[in-house]
Amino acid sequence: MLKLESSILLLEYGTNTWLLFDDESREAILVDPAAPSQAFLDRINKDSLKVKYIVNTHGHGDHIGGNPLFHNALHAPIAIHRLDAGMLVNNKKNLSEFMGTPLKGKSADILLDDGDILKLGCFEVKVMHTPGHTPGSICLLCGKYLISGDTLFELSIGRTDFPGGSHTMIINSIKSRLFTLPEDTIVFPGHGPATSIGLEKANNPFVR
């Protein structure tokens, strides 16, 4: 059985960190570890989960701050789309310098591309390149679960006023990639509560 759990690891930005795992094999993917957290690490170890990948949906500082701690503790490779890889080690590009919390970043071990498949037990997790919030923003699709990063939120969309952002591209990503998914697909965003593709297609005021 596929399971997905969350924790808000960076309270001031309300960043969701997601843990997707196969209940049988205990293999897991840690998505967007926003900040170091010994408590969350203890939870992973208590549940005997084997984290195969640490995946960043994009390179902003509020989604990558926990990379070094979890990488060192879990010995899991860090994966990000190749267009955002430079943000991991450049605090101006990842905005942490301007947020007042400059990071000691860890470079990527795996560069992702659209259509890549990450194995999770008997499940497949598909990488969907959805540029707009950043050039290398991605979503992760596994069955009826979609981890959307900062591309799509409940009744909202990701900001596009940061360097590298594009309103035209994020709207195109949502309409051409995400809104073609089944309407009962559950969306787990980088901030805020879960939603669904059907709800967003019918009600999201930013995507018409």
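Within every chain, residues take consecutive numbers counted from 1 along the sequence as written. Owing to the predicted nature of the model, reporting of local features is limited to residues with pLDDT of at least 70; listing and counting of side-chain atom pairs is limited to 80 or more, with chain, interface and lining totals taken over all residues. Think of the side-chain values as coming from all heavy atoms in the structure, minus any hydrogens and water.

Visitor: Looking at this model, I keep getting lost on the nonpolar core. Mind explaining?
Guide: Generally speaking, nonpolar side chains in soluble globular proteins are found buried as a group. For our purposes a nonpolar core is just a set of buried Ala, Val, Leu, Ile, Met, Phe, Trp, Tyr and Cys residues, chained together by side-chain atoms within 4.5 Å. Each residue's exposure class comes from its accessible area (1.4 Å probe, protein chains only) as a fraction of the maximum for that residue type: buried when under 20%, exposed when over 50%, partly exposed otherwise. If you look at the biggest cluster of nonpolar residues, it comprises 19 residues, and the most contacted ones within it are Ile-29, Val-55, Val-125 and Leu-140. Taken together, the elements giving at least two residues each to this core come down to strand E1 (2–10), strand E2 (15–22), strand E3 (27–31), strand E4 (50–55), strand E7 (117–120), strand E8 (123–129) and strand E9 (138–142). The element best represented in this core is E9, accounting for 3 residues. Should any heavy atoms of two residues lie within 4.5 Å, those residues are considered in contact. Not counting the four nearest positions on each side in its chain, Val-55 is found in contact with Ile-29, Leu-30, Val-31, Asp-32, Pro-33, Ala-79, Leu-112, Leu-118, Ile-138 and Leu-140. Helix and strand assignments come from DSSP, with helices taken as H or I runs of at least 4 residues and strands as E runs of at least 2, each series counted from the N terminus.

Visitor: Just to check I follow, could you spell out the packing of helix H1 (residues 38–46) against helix H3 (residues 67–74) for this structure?
Guide: Two quantities define a packed helix pair, namely the angle between the axes and the distance from one axis to the other. The N-to-C vectors of H1 and H3 enclose an angle of 30 degrees; their axes lie 11 Å apart at closest approach. Looking at the two axes, H1 sits roughly parallel to H3. As H1 runs across H3, the sense of the crossing is right-handed. Taken together, the residues of H3 that come into contact with H1 (itself represented by Phe-40, Leu-41, Ile-44 and Asn-45) are Leu-69, Phe-70, Ala-73 and Leu-74. Grouping the constituent residues of the contact of H1 with H3 by class yields 7 nonpolar, 1 polar and no charged. For helices, the fitted line uses only the C-alpha atoms of the stretch in contact; every axis is such a line through C-alpha atoms, and the angle between N-to-C directions lies from 0 to 180 degrees. Comment on the angle field: the value is read as roughly parallel under 35 degrees, roughly antiparallel over 145, roughly perpendicular from 65 to 115, and oblique elsewhere. When the near helix sits turned anticlockwise from the far one by under a right angle, the crossing is termed left-handed; a clockwise turn instead gives a right-handed crossing. Each residue is assigned to one of three groups, with Ala, Val, Leu, Ile, Met, Phe, Trp, Tyr, Cys and Pro labelled nonpolar, Asp, Glu, Lys and Arg labelled charged, and all others, Gly among them, labelled polar.

Visitor: Please explain the side chain of His-58 as it appears in this structure.
Guide: Inspection of the secondary structure assignment puts His-58 in the loop between E4 and helix H2 (61–64). Under the relative-accessibility criterion, His-58 is labelled buried at 1%. Here the side chain of His-58 touches Thr-57 through a polar contact of 3.1 Å, side chain to side chain. With residues near it in sequence (within four places) discarded, His-58 still touches Asp-32, His-63, Ile-64, Ile-80, Asp-84, His-133, Thr-134, Ser-137 and Asp-150. N or O atoms closer than or at 3.5 Å make up a polar contact, with two conditions inside protein: a donor-capable atom paired with an acceptor-capable one, and, for residues adjacent in sequence, both atoms drawn from side chains.

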